[in-house]
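Here are the chains, one letter per residue:
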Amino acid sequence: MNGIAITAHTLPLDNAFATLPPAFYTRLMPTPLPAPYFVAASAPAASLIGLDAARLAQADYVELLIGNTVAERSLPLSAVYSGHQFGVWAGQLGDGRAILLGDIATEHGPMELQLKGAGATPYSRMGDGRAVLRSSIREFLCSEAMAALGIPTSRALSIMGSQQGIMRETVETAAVVTRMAPTFVRFGSFEHWFYRKKPDELKILADYVIDGFYPHLRAAANPYQALLAEVCVRTAHMIAQWQAVGFMHGVMNTDNMSILGLTLDYGPFGFMEAFDAEHICNHTDQQGRYSYANQPQVGHWNCYALGQALLPLIGEVELAQAALDSYQPAFAEKMNALLRAKLGLQTSQDDDTALFDSMFALMQANHVDFTNFFRALATLQVAEPAHDTALRDLFIDRPAFDAWAARYRARLLLEHSVDAERQAAMNGVNPKYVLRNYLAQVAIEKAQQQDTTEVAKLLEILQKPFDEQPEHQHYAALPPDWASHLEVSCSS
């Protein structure tokens, strides 16, 4: 950073969010934790803000990133927002266990640093404001895994731990994740002012977001309508990318939806294994609102909630509806493009949707592993059905697979597909490695015994999800039998 030696104490923080009126946040300090220790850091995330990840293991950064000390220019705060949770208006929420330290200037714009688990805030709603090591490892690994997959996401800089006991279902130990994003403003941030009938504050927030993160929209005839349309498209594209890798968020409440179209707030998430479109990764979600199949329409519903909140600024229902109408075609176009890439198709044909639908129906009937299927599909040779043995063995109903494969081969022949070229292209978009729940659980259990090596190893593997990494082949294996008993919930 300009050749100046940076220490944790002199970390060059500003805090643009703190320039908003005091009604938008509460200024407060993190609550210290005893005997902090380093758990993990992400080198790619650190590089985004000009830091060396190895430096983060040193005592001054451990103290800073667990909340025991504060950089000299930091203005720590927790933001207020509201939201719909499981489709029901929940009223005021806010940063119940997150404290924003400030933002750091980068060549791509400001990047905010936020401590998750740094103590109680006025928005904790009877909670303790803490995060446990288990959930912190999951969020850290998944944030960085999603970034490596090319999916828009908040980032995770580090995890710092403490032996301080935290009561959840059982007593666990505390940890703090340092999260990063250009902004943590959510759909629920706008809903908060709409439902409180505070149009002035609503406009201040919208102008802050447009001027800081969507300046090109200022020239639009109606910048607030343009903001809604842009967020709809970004959200649609993000969810299409989730669907394409089998990612399930698990708690798509409006307070967990980023105004920048980033994947935000990793709690009871999961990556699809045995394919089931109705799979619910969140044990708390008894009604299945946030199942894999429902995610696209829930994203649209959430955009409607944002549109409702922005309506006083947009001015006319018809203008808001026109912006909202951008969601579904944006999702369909992105999803179809992603599926064509996953199947190695270079052209668009009228019957592609039927090919995709029949593929998913086949996967559903056979509960084939999502990640392994698409990775193995690249091995198919157009002129050699006899070489499909390993691919066919993923299916119980092999004749049904043969019938679909014949349709797929015909589609490949139509565009004169070359096996080697197609395989390389498919392997560049179909990951071999994703953060399966059982892999996270193994890393968590070792870390709970003060062995953080598996966290670091898993992070390294997940940062290269498309590479073969033959020495780590077993990390791409089907989950063991004991993994079927793993459950994640809103407390995760």
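Residues numbered from 1 in each chain as written. Predicted model: local features only at pLDDT ≥ 70, side-chain atom pairs only at ≥ 80, totals over all residues. Heavy atoms only, no water.

### Looking at the UniProt feature "binding site: Mg(2+)" (unreviewed entry) in the protein chain
Thought 1: Mapped onto the present numbering, the UniProt feature "binding site: Mg(2+)" (unreviewed entry) falls at Asn-256 and Asp-265.
Thought 2: With respect to the helices and strands, the residue Asn-256 is situated in the loop between β11 (247-248) and β12 (270-271).
Thought 3: In this view, Asn-256 contacts Arg-186, His-249, Val-251, Leu-264 and Asp-265; residues no more than four positions away in its chain are not counted.
Thought 4: We classify Asp-265 as buried; its relative accessible area is 11%.
Thought 5: Those residues in contact with Asp-265, other than ones at most four positions away along the chain, are Glu-139, Arg-179, Arg-186, His-249, Asp-255 and Asn-256.
Thought 6: Looking at Asp-265, its side chain comes within polar contact range of the side chain of Arg-186, at 2.6 Å. (UniProt positions renumbered as here; feature names shortened; annotations may be inferred. Helix = DSSP H or I, 4+ residues; strand = E, 2+ residues; numbered from the N terminus. Contact = heavy atoms within 4.5 Å. Buried < 20%, exposed > 50% of the residue type's maximum accessible area, 1.4 Å probe, protein only. Polar contact = N/O pair within 3.5 Å; in protein donor to acceptor, adjacent residues only side chain to side chain.)

### Some words on the packing of helix α15 (residues 437-447) against helix α16 (residues 453-462)
Thought 1: Viewed as axis vectors pointing N to C, α15 and α16 meet at an angle of 150°, and their least axial separation amounts to 7 Å. The angle between α15 and α16 falls in the class roughly antiparallel. Packed against α15, whose contacting residues are Leu-439, Ala-440, Val-442, Ala-443, Lys-446 and Ala-447, the element α16 presents Glu-454, Val-455 and Leu-458 at the interface.
Thought 2: Grouping the constituent residues of the contact of α15 with α16 by class yields seven nonpolar, no polar and two charged. (Axes fitted to C-alpha atoms, helices over the stretch in contact; angles between N-to-C directions. Parallel < 35°, antiparallel > 145°, perpendicular 65-115°, else oblique. Nonpolar A, V, L, I, M, F, W, Y, C, P; charged D, E, K, R; others polar.)

### Considerations on the packing of aromatic side chains
Thought 1: Applying the stated criterion to the full structure yields 23 aromatic pairs.
Thought 2: Residues Phe-17 and Tyr-208 carry aromatic rings whose centres are separated by 5.8 Å and whose planes lie at 85° to one another, so their mutual orientation is edge-to-face. Here Phe-17 is found in the segment before β1 (25-27), whereas its partner Tyr-208 is found in helix α5 (residues 199-213), with 191 residues between them in sequence. Here the two residues Phe-17 and Tyr-208 agree in accessibility, since each one is buried.
Thought 3: Members of the aromatic cluster, each reached through a chain of ring pairs, are Phe-275, Tyr-292, Phe-360, Phe-370, Phe-373, Phe-374, Phe-395, Phe-401, Trp-404 and Tyr-408.
Thought 4: Positioned above the aromatic ring of Phe-269 is the side chain of Arg-138, whose terminal nitrogen or guanidinium carbon lies 4.1 Å from the ring centre.
Thought 5: The ring of Phe-374 is capped by Lys-342, whose NZ or CZ atom sits 4.3 Å from the centre of that ring. (Phe/Tyr/Trp six-rings, centres within 6.5 Å; stacked < 30°, edge-to-face > 60°. Lys NZ or Arg CZ within 6 Å of the ring centre and 35° of its normal.)

### A closer look at the nonpolar core
Thought 1: Counting 129 residues, the largest nonpolar core has Phe-17, Phe-190, Leu-343, Phe-373, Trp-404 and Tyr-408 as its most contacted members.
Thought 2: Ranked by residues supplied to this core, first place goes to helix α6 (residues 223-245) with 13 residues.
Thought 3: When we break this core down by domain, the ones giving at least three residues each are domain 1 (13-184) and domain 2 (188-341).
Thought 4: Those residues in contact with Tyr-408 that sit more than four places away from it in its chain are Leu-343, Leu-345, Leu-355, Leu-377, Leu-380, Arg-422 and Met-426.
Thought 5: Listed in part, the 32 residues of the second largest apolar core include Leu-11, Leu-33, Ala-71 and Met-111. (Core = buried A, V, L, I, M, F, W, Y, C linked by side-chain atoms within 4.5 Å. Domains from an automatic or database assignment.)

### Describing the domain arrangement of the protein chain
Many authors give the size of an interface as the accessible area that is lost as the parts come together.
Thought 1: For the protein chain, the domain assignment lists domain 1 (13-184) and domain 2 (188-341).
Thought 2: When each unit is reduced to the centre of its C-alpha atoms, the spacing between domain 1 and domain 2 is 22 Å.
Thought 3: Taken residue by residue, the interface counts 35 residues in domain 1 and 39 residues in domain 2.
Thought 4: Of the roughly 3100 Å² buried between domain 1 and domain 2 on both sides combined, carbon and sulfur atoms contribute 66%.
Thought 5: Three residues, Phe-24, His-84 and Phe-86, lead the burial of domain 1 against domain 2; their summed loss comes to 21% of the area buried on that side.
Thought 6: Here Arg-179 ties to Asp-265 by a salt bridge, and the two come within 2.8 Å at their closest N and O atoms.
Thought 7: In this structure, the connection of domain 1 to domain 2 is made through 16 residue pairs in polar contact (both at pLDDT 80 or more).
Thought 8: Broken down by secondary-structure element, the contributors of at least two residues to the side of domain 1 that touches domain 2 are β4 (82-85), β5 (88-92), β7 (109-116), α3 (133-148) and β10 (171-181).
Thought 9: In terms of residues, the side of domain 1 that touches domain 2 owes the most to one element, α3, which gives five residues.
Thought 10: Taken together, the residues that form the side of domain 1 that touches domain 2 break down as 19 nonpolar, 11 polar and five charged. (Buried area = accessible area lost by both parts, 1.4 Å probe. Salt bridge = Lys/Arg side-chain N within 4 Å of Asp/Glu carboxyl O.)

### Considering the pairing of β5
The two faces of a sheet get side chains in turn, since along a regular strand they alternate between them.
Thought 1: Strand direction decides the pairing type here: β4 and β5, joined by three bridges, are antiparallel. What sits directly across from Gln-85, in β5, is Val-88. (Pairing = 2+ DSSP bridges.)

### Comments concerning the UniProt feature "binding site: ATP" (unreviewed entry) in the protein chain
Thought 1: UniProt's entry tags Gly-94, Gly-96, Arg-97, Lys-116, Asp-128, Gly-129, Arg-179, Arg-186 and Asp-265 with the feature "binding site: ATP" (unreviewed entry), counted in the numbering of this structure.
Thought 2: By the element assignment, Arg-179 lies in strand β10.
Thought 3: Assessed through its relative accessible area of 2%, Arg-179 is described here as buried.
Thought 4: Not counting chain neighbours up to four residues away, the residues in contact with Arg-179 comprise Ala-98, Glu-112, Leu-113, Gln-114, Lys-116, Glu-139, Arg-155, Phe-184, Arg-186 and Asp-265.

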